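In case you want the letters, here they are:
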Amino acid sequence: MSRRLAVLVSGRGSNLQALLEAIAQQRLDAEIVGVFSDKADAYALQRVAAPLRWSANPKAFADRAGFDAALADAVQAVRADWVVCAGYMRILGAGFIGRFQGRLLNIHPSLLPRYRGLRTHARALEAGDREHGASVHFVVPELDAGTVIAQARIPVLPGDTPETLAARLLPREHALLVATVGLAASGRLAERGGQALFDAQPLLKPLVLDSSGNLSPISP
(Lines give C-alpha, C1' and ligand atoms only; values in the text may rest on other atoms or scores of the structure.)
Protein backbone atom coordinates (compact mmCIF):
# COMPACT_ATOMS: atom_id res chain seq x y z
CA MET A 1 0.00 0.00 0.00
CA SER A 2 1.36 3.42 -0.97
CA ARG A 3 2.11 5.67 1.97
CA ARG A 4 0.10 8.87 2.21
CA LEU A 5 2.18 12.07 2.24
CA ALA A 6 1.17 15.52 3.43
CA VAL A 7 3.61 18.18 2.22
CA LEU A 8 4.08 21.60 3.84
CA VAL A 9 5.33 24.40 1.58
CA SER A 10 5.85 28.16 1.55
CA GLY A 11 7.43 28.97 -1.81
CA ARG A 12 7.98 27.70 -5.32
CA GLY A 13 7.81 24.00 -4.42
CA SER A 14 10.80 22.52 -6.27
CA ASN A 15 11.17 19.81 -3.63
CA LEU A 16 7.46 19.05 -3.91
CA GLN A 17 7.91 18.76 -7.68
CA ALA A 18 10.76 16.29 -7.15
CA LEU A 19 8.43 14.12 -5.05
CA LEU A 20 5.64 14.36 -7.62
CA GLU A 21 7.98 13.34 -10.45
CA ALA A 22 9.41 10.43 -8.46
CA ILE A 23 5.88 9.18 -7.78
CA ALA A 24 4.86 9.57 -11.43
CA GLN A 25 7.97 7.67 -12.55
CA GLN A 26 7.29 4.93 -9.98
CA ARG A 27 10.58 5.61 -8.20
CA LEU A 28 8.68 6.47 -5.02
CA ASP A 29 5.82 4.30 -3.79
CA ALA A 30 3.74 7.03 -2.18
CA GLU A 31 0.76 9.30 -2.75
CA ILE A 32 0.58 13.01 -2.00
CA VAL A 33 -2.79 13.51 -0.34
CA GLY A 34 -2.47 17.18 0.56
CA VAL A 35 -0.26 20.24 0.13
CA PHE A 36 -0.47 22.83 2.90
CA SER A 37 0.85 26.37 3.04
CA ASP A 38 0.99 29.46 5.19
CA LYS A 39 0.92 31.52 1.98
CA ALA A 40 -2.11 31.47 -0.32
CA ASP A 41 0.02 32.66 -3.26
CA ALA A 42 2.76 30.05 -2.86
CA TYR A 43 3.48 28.71 -6.34
CA ALA A 44 3.93 25.24 -4.86
CA LEU A 45 0.16 24.99 -4.42
CA GLN A 46 -0.29 25.22 -8.18
CA ARG A 47 1.69 22.00 -8.66
CA VAL A 48 -1.22 19.88 -7.45
CA ALA A 49 -4.94 19.76 -8.19
CA ALA A 50 -7.18 22.21 -6.34
CA PRO A 51 -8.78 19.60 -4.03
CA LEU A 52 -5.33 18.83 -2.60
CA ARG A 53 -4.55 22.45 -1.69
CA TRP A 54 -4.92 24.06 1.73
CA SER A 55 -3.71 27.47 2.83
CA ALA A 56 -4.45 29.98 5.55
CA ASN A 57 -3.05 33.34 6.60
CA PRO A 58 -1.41 33.07 10.03
CA LYS A 59 -2.35 36.70 10.70
CA ALA A 60 -6.01 35.69 10.65
CA PHE A 61 -5.50 33.74 13.88
CA ALA A 62 -5.23 35.11 17.39
CA ASP A 63 -1.86 33.49 17.96
CA ARG A 64 0.64 30.96 16.62
CA ALA A 65 -1.05 28.11 18.46
CA GLY A 66 -4.36 28.84 16.73
CA PHE A 67 -2.83 28.67 13.27
CA ASP A 68 -0.87 25.53 14.14
CA ALA A 69 -4.03 23.85 15.41
CA ALA A 70 -5.91 24.65 12.20
CA LEU A 71 -3.01 23.37 10.12
CA ALA A 72 -2.74 20.21 12.21
CA ASP A 73 -6.48 19.56 11.88
CA ALA A 74 -6.24 19.91 8.11
CA VAL A 75 -3.26 17.57 7.90
CA GLN A 76 -4.96 15.07 10.23
CA ALA A 77 -8.05 15.09 8.00
CA VAL A 78 -6.14 13.66 5.02
CA ARG A 79 -4.88 10.73 7.13
CA ALA A 80 -1.24 11.23 6.21
CA ASP A 81 1.27 8.56 7.16
CA TRP A 82 4.17 11.04 6.88
CA VAL A 83 4.31 14.83 6.96
CA VAL A 84 7.10 16.38 4.90
CA CYS A 85 8.24 19.99 5.31
CA ALA A 86 9.59 20.84 1.86
CA GLY A 87 10.53 24.50 1.90
CA TYR A 88 8.08 25.35 4.69
CA MET A 89 9.49 28.55 6.19
CA ARG A 90 7.30 28.97 9.26
CA ILE A 91 8.44 27.51 12.58
CA LEU A 92 6.11 24.77 13.78
CA GLY A 93 5.02 24.88 17.40
CA ALA A 94 5.23 22.08 19.92
CA GLY A 95 1.49 21.41 19.64
CA PHE A 96 1.68 20.64 15.93
CA ILE A 97 4.89 18.63 16.28
CA GLY A 98 3.43 16.59 19.11
CA ARG A 99 0.53 15.45 16.95
CA PHE A 100 2.84 14.06 14.27
CA GLN A 101 5.86 13.10 16.34
CA GLY A 102 8.00 10.45 14.70
CA ARG A 103 6.56 10.94 11.22
CA LEU A 104 7.44 14.57 10.58
CA LEU A 105 10.41 15.28 8.28
CA ASN A 106 12.14 18.47 7.16
CA ILE A 107 14.77 19.16 4.50
CA HIS A 108 17.28 21.88 5.31
CA PRO A 109 19.99 23.31 3.00
CA SER A 110 23.05 22.80 5.20
CA LEU A 111 25.08 20.02 6.76
CA LEU A 112 23.37 20.10 10.13
CA PRO A 113 24.17 20.82 12.90
CA ARG A 114 25.93 23.60 10.97
CA TYR A 115 23.88 26.63 9.99
CA ARG A 116 20.44 26.20 11.39
CA GLY A 117 17.98 28.78 10.16
CA LEU A 118 18.43 31.05 7.14
CA ARG A 119 21.25 32.19 4.78
CA THR A 120 22.90 28.79 4.90
CA HIS A 121 24.78 29.10 1.60
CA ALA A 122 26.21 32.51 2.44
CA ARG A 123 27.18 31.37 5.92
CA ALA A 124 29.03 28.34 4.55
CA LEU A 125 31.02 30.61 2.24
CA GLU A 126 31.70 33.14 4.99
CA ALA A 127 33.08 30.34 7.17
CA GLY A 128 35.41 29.16 4.41
CA ASP A 129 33.88 25.68 4.31
CA ARG A 130 35.24 23.28 1.72
CA GLU A 131 32.02 21.27 1.71
CA HIS A 132 28.36 22.16 1.81
CA GLY A 133 25.15 20.17 1.53
CA ALA A 134 21.62 19.42 2.66
CA SER A 135 20.10 17.39 5.48
CA VAL A 136 16.81 15.64 6.14
CA HIS A 137 15.91 15.43 9.82
CA PHE A 138 13.07 14.61 12.14
CA VAL A 139 11.32 17.76 13.36
CA VAL A 140 11.42 18.77 17.02
CA PRO A 141 10.31 22.05 18.64
CA GLU A 142 13.85 23.50 18.53
CA LEU A 143 14.68 24.97 15.11
CA ASP A 144 16.47 22.50 12.79
CA ALA A 145 17.62 20.49 15.81
CA GLY A 146 15.97 17.09 15.28
CA THR A 147 17.92 13.92 14.59
CA VAL A 148 19.57 14.06 11.17
CA ILE A 149 18.60 11.06 9.03
CA ALA A 150 20.51 11.65 5.81
CA GLN A 151 22.74 14.15 4.06
CA ALA A 152 23.95 15.07 0.58
CA ARG A 153 27.34 16.74 0.20
CA ILE A 154 28.90 18.87 -2.53
CA PRO A 155 32.29 20.61 -2.70
CA VAL A 156 32.56 24.37 -2.39
CA LEU A 157 34.35 25.59 -5.53
CA PRO A 158 36.63 28.61 -5.97
CA GLY A 159 34.56 31.61 -6.97
CA ASP A 160 31.30 30.21 -5.61
CA THR A 161 28.62 32.68 -4.61
CA PRO A 162 25.57 31.90 -2.48
CA GLU A 163 23.59 31.72 -5.72
CA THR A 164 25.91 29.31 -7.57
CA LEU A 165 26.28 27.15 -4.49
CA ALA A 166 22.51 26.98 -4.02
CA ALA A 167 21.94 26.14 -7.69
CA ARG A 168 24.50 23.34 -7.66
CA LEU A 169 23.12 21.89 -4.44
CA LEU A 170 19.47 21.92 -5.50
CA PRO A 171 19.46 18.73 -7.65
CA ARG A 172 21.22 16.85 -4.86
CA GLU A 173 18.73 18.27 -2.37
CA HIS A 174 15.87 16.93 -4.49
CA ALA A 175 17.49 13.49 -4.76
CA LEU A 176 18.12 13.44 -1.01
CA LEU A 177 14.50 14.19 -0.18
CA VAL A 178 13.15 11.58 -2.59
CA ALA A 179 15.54 8.92 -1.27
CA THR A 180 14.76 9.67 2.38
CA VAL A 181 11.01 9.77 1.86
CA GLY A 182 11.42 6.48 0.01
CA LEU A 183 12.92 4.92 3.14
CA ALA A 184 10.07 6.28 5.22
CA ALA A 185 7.44 5.05 2.77
CA SER A 186 8.96 1.57 2.68
CA GLY A 187 8.88 1.24 6.46
CA ARG A 188 12.65 1.31 6.88
CA LEU A 189 12.72 4.55 8.86
CA ALA A 190 11.28 5.31 12.29
CA GLU A 191 11.86 7.39 15.40
CA ARG A 192 11.61 6.19 18.99
CA GLY A 193 12.32 8.38 21.98
CA GLY A 194 14.29 10.88 19.94
CA GLN A 195 16.40 8.15 18.31
CA ALA A 196 16.26 7.58 14.56
CA LEU A 197 15.98 3.95 13.54
CA PHE A 198 17.07 2.56 10.17
CA ASP A 199 15.95 -1.01 9.47
CA ALA A 200 14.98 -1.19 13.18
CA GLN A 201 18.54 -0.38 14.29
CA PRO A 202 19.71 2.89 15.89
CA LEU A 203 21.08 5.28 13.28
CA LEU A 204 24.31 6.52 14.83
CA LYS A 205 25.42 8.68 11.89
CA PRO A 206 23.45 10.23 9.04
CA LEU A 207 23.05 8.19 5.89
CA VAL A 208 24.95 9.59 2.90
CA LEU A 209 23.57 10.12 -0.60
CA ASP A 210 25.83 8.56 -3.23
CA SER A 211 26.25 9.60 -6.86
CA SER A 212 23.47 7.24 -7.93
CA GLY A 213 20.93 8.81 -5.59
CA ASN A 214 20.99 5.95 -3.09
CA LEU A 215 21.43 6.29 0.67
CA SER A 216 24.13 4.35 2.47
CA PRO A 217 25.14 4.15 6.13
CA ILE A 218 28.76 4.37 5.01
CA SER A 219 30.21 7.36 3.21
CA PRO A 220 31.02 6.39 -0.38
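A. Seen up close, the overall build of the protein. From N to C terminus, the protein includes five helices and 12 strands. The C-alpha radius of gyration of the protein comes to 17 Å, within 12% of the 17 Å expected for a compact globule of 220 residues. Seen along its three principal axes, the alpha-carbon backbone of the protein occupies a region of about 45 × 35 × 35 Å. Per-residue burial for the protein yields a buried fraction of 50% across its 220 residues. Pairs at least 24 residues apart make up 61% of the contacts formed inside the protein by residues separated by at least 6 positions. For the protein, the accessible surface area stands at approximately 10700 Å², while carbon and sulfur atoms represent 53% of it.

B. How the structure looks around the sheet that holds strand β11 (residues 207-209). The mixed open sheet is built from nine strands, whose spatial order is β3-β2-β1-β4-β5-β6-β7-β11-β12. Edge positions in the sheet fall to β3 (53-55) and β12 (215-216), since each of these pairs with one other strand and no more. Taken together, the three bridges between strand β4 (residues 82-85) and strand β5 (residues 104-108) define a ladder with parallel strand orientation. Paired with Val84 across the strands is Leu105, a residue of β5. Running at roughly 155° to strand β7 (residues 148-155), helix α5 (residues 162-185) makes contact with β1 (3-9), β2 (30-37), β4, β5, β6 (131-138), β7, β11 and β12 of the sheet.

C. Highlighting helix α2 (residues 64-77). The end-to-end C-alpha distance of α2 is 20 Å, a good match for the 20 Å that 14 residues give at a rise of 1.5 Å each. Those residues of α2 not exposed but buried are Phe67, Asp68, Leu71, Ala72, Ala74 and Val75. Relative to the axis of α2, the buried residues are bounded by an arc of 160° and lie together on one face. The exposed set on the far side of α2, more than 90 degrees from its buried face, consists of Ala65 and Ala77. In the core, the buried residues of α2 are packed alongside β1, β2, β3, β4 and α3 (94-99). One or two steps after α2, the chain reaches Arg79, where phi turns positive at roughly 55°.

D. Focus on the nonpolar core. Membership of the largest hydrophobic core comes to 44 residues, with the highest contact counts inside it found for Leu19, Leu105, Ile149, Leu176, Leu177, Val181 and Leu215. If one sorts the elements of this core by residue count, α5 sits on top with 10 residues.

E. Region of interest: the sheet that holds strand β8 (residues 189-192). Taken in spatial order, the three strands line up as β8-β9-β10 in an open sheet, and their pairing is antiparallel. Looking along the sheet, the strands with just one partner apiece sit at the ends: β8 and β10 (201-202). As paired elements, β8 and strand β9 (residues 195-198) share four bridges and run antiparallel to each other. Pairing of Ala190 across the sheet is with Leu197, part of β9.

F. Examining the packing of aromatic side chains more closely. The full count for this structure, using the stated rule, is five aromatic pairs. Here Trp54 and Phe67 contribute two aromatic rings whose centre-to-centre distance is 6.3 Å and whose plane-to-plane angle is 50°, an arrangement assigned as tilted. You can see Trp54 sitting in strand β3 and its partner Phe67 sitting in helix α2, a full 13 residues away along the chain. Judged by relative accessible area, which is 22%, Trp54 ranks as partly exposed.

Calculation rules
- Residue positions are counted from 1 within each chain, in the order its sequence is given.
- This being a predicted model, a pLDDT of at least 70 is required before a residue's local features are given, and a value of 80 or more before pairs of side-chain atoms are given or counted; all residues contribute to the totals for chains, interfaces and linings.
- Side-chain metrics in this entry use all non-hydrogen atoms of the structure; hydrogen atoms and water are not considered.
- Every helix listed is a DSSP run of H or I at least four residues long, and every strand listed is a run of E at least two residues long, numbered separately from the N terminus.
- Throughout, radius of gyration means the C-alpha value; the globule benchmark is 2.2 Å times the number of residues raised to the power 0.38.
- Type-normalised accessible area, obtained with a 1.4 Å probe on protein chains alone, sets the label of each residue: buried when under 20%, exposed when over 50%, and partly exposed for intermediate values.
- Only heavy atoms matter for contacts: two residues are in contact if any of them lie within 4.5 Å across the pair.
- Accessible surface is estimated by sampling points in the Shrake-Rupley manner with a 1.4 Å probe; for residues, cover comes only from the protein chains shown.
- A pair of strands is treated as paired once DSSP finds two or more bridges between them.
- Orientation is described by lines fitted to C-alpha atoms, with helices fitted over the stretch in contact, and by angles between N-to-C directions that extend from 0 to 180 degrees.
- Multiply 1.5 Å by the residue count of a helix minus one, and that product is the helix's expected span.
- The reported arc concerns the directions from the helix axis to the C-beta atoms and nothing else.
- The term nonpolar core refers to a set of buried residues drawn from Ala, Val, Leu, Ile, Met, Phe, Trp, Tyr and Cys, joined through side-chain atoms within 4.5 Å.
- A pair of aromatic rings is counted whenever rings of Phe, Tyr or Trp (Trp by its six-membered ring) have centres within 6.5 Å, and the orientation is called stacked for planes under 30 degrees apart, edge-to-face for over 60 and tilted otherwise.

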